[in-house]
Amino acid sequence: MAGDMKYKKVAYYPGCALEGSGHAYNRSTKAVGKELGLDLVEIKNWNCCGAMEVKNIDPKIQTYLSARNLSITEEMGFDTVMAPCNGCYHNLKKAEYDLGHDETSKEVNQRLSSKAGHKTYEAGKVETIHALDWIKKSIGEEGIRERVKNSLQGIKVANYYGCMYTRPRHIFPEKDQGADSESTSKPHYMDDILAAAGAENVDFPLKTACCGGAHTLSDSDTSTKLVLNILTAAEACGADVVATECPTCHTGLEMHQIRAEKVLGRKTNIKILYFTQLLGMALGLSAKKVGVHENFSDPRSLLKEKGLG
Amino acid sequence: MTSEGLTIDAIENRADAIVAAPDSELAPNAKALAAELLSMSEVIVETWLEAKGQAPTQDKHEGFRLIALHRQAAKGNPSFNACRETCREAVYHHNLILHDPAAGDIARTIRVGAMVVRHLALFIGGKLQADGLGEFCCSSRPIRQADAIKPETAGAMEA
């Protein structure tokens, strides 16, 4: 599976978060891709995937919004689009599922595509992948090991995947298909990639647990407690770092880490880094190049101690 | 200690106490704590089911009532699957503690198990705080709902 040439050059759908709160993820993803010799071509004139806001008002409109991005991907001549944000990845996958299984979704998509004046996207034309798929399948662990310049050896990592990377299971038909595929119950691609870069992954029971991201404004106290529990569990498991692969999870963990100290008087010292930041530094990129200075849970002293700063 | 009659808030507090307890209190009571943590997890899901007007099952699935309770709660409500792995981790930690209650790091295992239970309490407790809160986040529900489409909204887009 590693060395899959079809993922060497893919369309890139950064989504809204990577242009804002998840800027460091955008920056580190692009830097890692360049270092690994992988090409990303950003989708032209992309739009919001529909996120949770549109989906909760009208899920068919969300399906259309995501389908428009898939349509543009196809028109640009790509059969694969990479979305590093769990929310975007999930929504593109959901749109793919809807358009393949639900007649009303197809009909709404056709009507709105005609009105907007672009080609109607049909299920099966474009494959949506996550940044984890992109690296794992195109480079693989062996390829990463060959390219590591600054091993992550000595860094203990709790890999946090969040909830939308694997749920609901039926929109990810490629998962749970044997040893090399991703697992929806025990995801491991991030573990595999960072282990190949030298990190020591800890056994972490909350890797897919809810971080309360959707409640962060409507019920901040619950979100803060959920995040605090994730961070304290990661510390109890021996981790120095929580690695993330979603800008919403990452921002939630960082902001509620600060809020937990202010509101609940509970301080945690664990650092939160995107997996692309850790991988980038292992590949020899500077901390600045992968946007570590943009993180709130300032990891620079830890990185310096581990020889990565 | 039995978990019967406990509220989710009381379970959260009990989990906090276990997490904060010294090794000398946890290690000698490993087997009892394993049972208590599993029982508290069951009470959390029972509370959710009862709040939804359902009678909690007494059946077991894969040898555990907690798994059967979760399956019951998730039936027709796929968003509840957001705590499926948390329930399974609660069972796993129960087994881990019982597998070797005299292990050198048993106090740490018990604390992590208590954190798993605390997460379940916070997640389900959060969903129960206000009707509908949390119903929207795990987005499988609209896919399976035939009435999820709101034609008037789609129509408005075409006007």
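Just so you know, the residues in each chain are numbered from 1, in the order the chain's sequence is written. To read the labels, note that chains go from A and ligands from 1, taken in the order they are written. Where totals are concerned, whole chains, interfaces and linings use all residues; where local detail is concerned, this predicted model gives features only for residues with pLDDT of at least 70, and gives and counts side-chain atom pairs only at 80 or more. Only heavy atoms go into the side-chain values, all of them from the structure, while hydrogens and water stay out.

**Focus: the overall build of chain A**
Note the threshold: Numbering of helices and strands runs from the N terminus; a helix is a DSSP stretch of H or I covering at least four residues, while a strand is a stretch of E covering at least two. As a reference, a globule follows 2.2 Å times the number of residues to the power 0.38, and the radius of gyration itself is taken over C-alpha atoms. Burial classification: accessible surface area is computed with a 1.4 Å probe over protein chains only, and a residue below 20% of its type maximum counts as buried, one above 50% as exposed, and the rest as partly exposed.
Along its length, chain A carries 12 helices and eight strands. Here chain A has a C-alpha radius of gyration of 19 Å; the compact-globule value for 309 residues is 19 Å, and the two agree. With respect to the principal axes defined by its C-alpha atoms, chain A has extents near 55 × 45 × 35 Å. Of all 309 residues assigned to chain A, the portion counted as buried reaches 60%.

**A word on the domain arrangement of chain A**
Residues and elements named next belong to chain A. For clarity, the threshold we go by: Residue ranges labeled as domains rest on an automatic or database domain assignment. Each of two parts loses accessible area, computed with a 1.4 Å probe, when they are put together; buried area is these two losses added. Any carboxyl oxygen of Asp or Glu that lies within 4 Å of a side-chain nitrogen of Lys or Arg is treated as forming a salt bridge with it. Two N or O atoms form a polar contact when they lie within 3.5 Å of each other; inside protein one atom must be a possible hydrogen donor and the other a possible acceptor, and for residues adjacent in sequence the pair counts only when both atoms belong to side chains. Throughout this entry, Asp, Glu, Lys and Arg are counted as charged residues, while Ala, Val, Leu, Ile, Met, Phe, Trp, Tyr, Cys and Pro are counted as nonpolar. The remaining residues, Gly among them, count as polar.
Here chain A is partitioned into domain 1 (5–129) and domain 2 (149–305). Taking only C-alpha atoms, the centre of domain 1 and the centre of domain 2 are 24 Å apart. Both sides together, the interface formed by domain 1 and domain 2 hides about 2,300 Å², and carbon and sulfur atoms give 65% of it. Along the contact surface separating domain 1 from domain 2 lie three salt bridges. On inspection of domain 1 and its partner domain 2, the count reaches 14 residue pairs in polar contact (both at pLDDT 80 or more). Looking at the side of domain 1 that touches domain 2 element by element, the count peaks at 10 residues for helix α1 (residues 23–36). Broken down by class, the residue content of the side of domain 1 that touches domain 2 amounts to 12 nonpolar, eight polar and five charged.

**Some thoughts on the side chain of glutamine 257 of chain A**
Spelled out, the test is: In what follows, residue pairs with any heavy atoms lying within 4.5 Å of each other are defined as contacts.
In this fold, glutamine 257 of chain A is placed in helix α10 (residues 247–264). When near neighbours in sequence (up to four residues on either side) are disregarded, glutamine 257 of chain A contacts Val227, Leu231, Gly252, Thr268, Asn269, Ile270, Ile272 and Ser297 of chain A.

**Points about the side chain of lysine 94 of chain A**
Within the secondary structure, lysine 94 of chain A sits in helix α4 (residues 86–101). There is a polar contact of 2.9 Å between the side chain of lysine 94 of chain A and the side chain of glutamine 62 of chain A.

**Some remarks on the sheet that holds strand β2 (residues 39–42) of chain A**
Residues and elements named next belong to chain A. Operational definition: Following DSSP output, two strands are said to pair if at least two bridges run between them. Helix axes are fitted to C-alpha atoms over the stretch in contact, other axes to C-alpha atoms as well, and angles between N-to-C directions run from 0 to 180 degrees.
Read from one edge to the other, the open sheet built from four strands follows the order β2-β1-β3-β4, with strand pairing classed as parallel. Each edge of the open sheet carries a strand with a single partner, namely β2 and β4 (127–129). Strand after strand, the sheet turns through a mean of 40° between neighbouring axes, direction not considered. Of the strand pairs in this sheet, strand β1 (residues 9–12) and β2 are connected by four bridges, and their pairing is parallel.

**Topic: the packing of helix α3 (residues 30–51) of chain B against helix α4 (residues 65–74) of chain B**
Between two packed helices, both the angle of their axes relative to each other and the distance between the axes serve to describe the pair. Residues and elements named next belong to chain B. In plain terms, the rule: Note on angle classes: values under 35 degrees are labelled roughly parallel, values over 145 roughly antiparallel, values of 65 to 115 roughly perpendicular, and the remainder oblique. By definition, any crossing whose near helix is turned counterclockwise from its far helix by less than a right angle is left-handed, and any crossing with a clockwise turn is right-handed.
Taken N-terminus to C-terminus, the directions of α3 and α4 make an angle of 20°; their axes are 9 Å apart at the nearest point. Overall, the two elements α3 and α4 adopt an arrangement that is roughly parallel. Note on packing geometry: the crossing formed by α3 with α4 is left-handed. Residue-level inspection shows Leu38, Ser41, Glu42, Val45, Glu46, Trp48 and Leu49 of α3 in contact with α4, the latter providing Arg65, Leu66, Leu69, His70, Gln72 and Ala73. The residue makeup of the contact of α3 with α4, split by class, is seven nonpolar, three polar and three charged.

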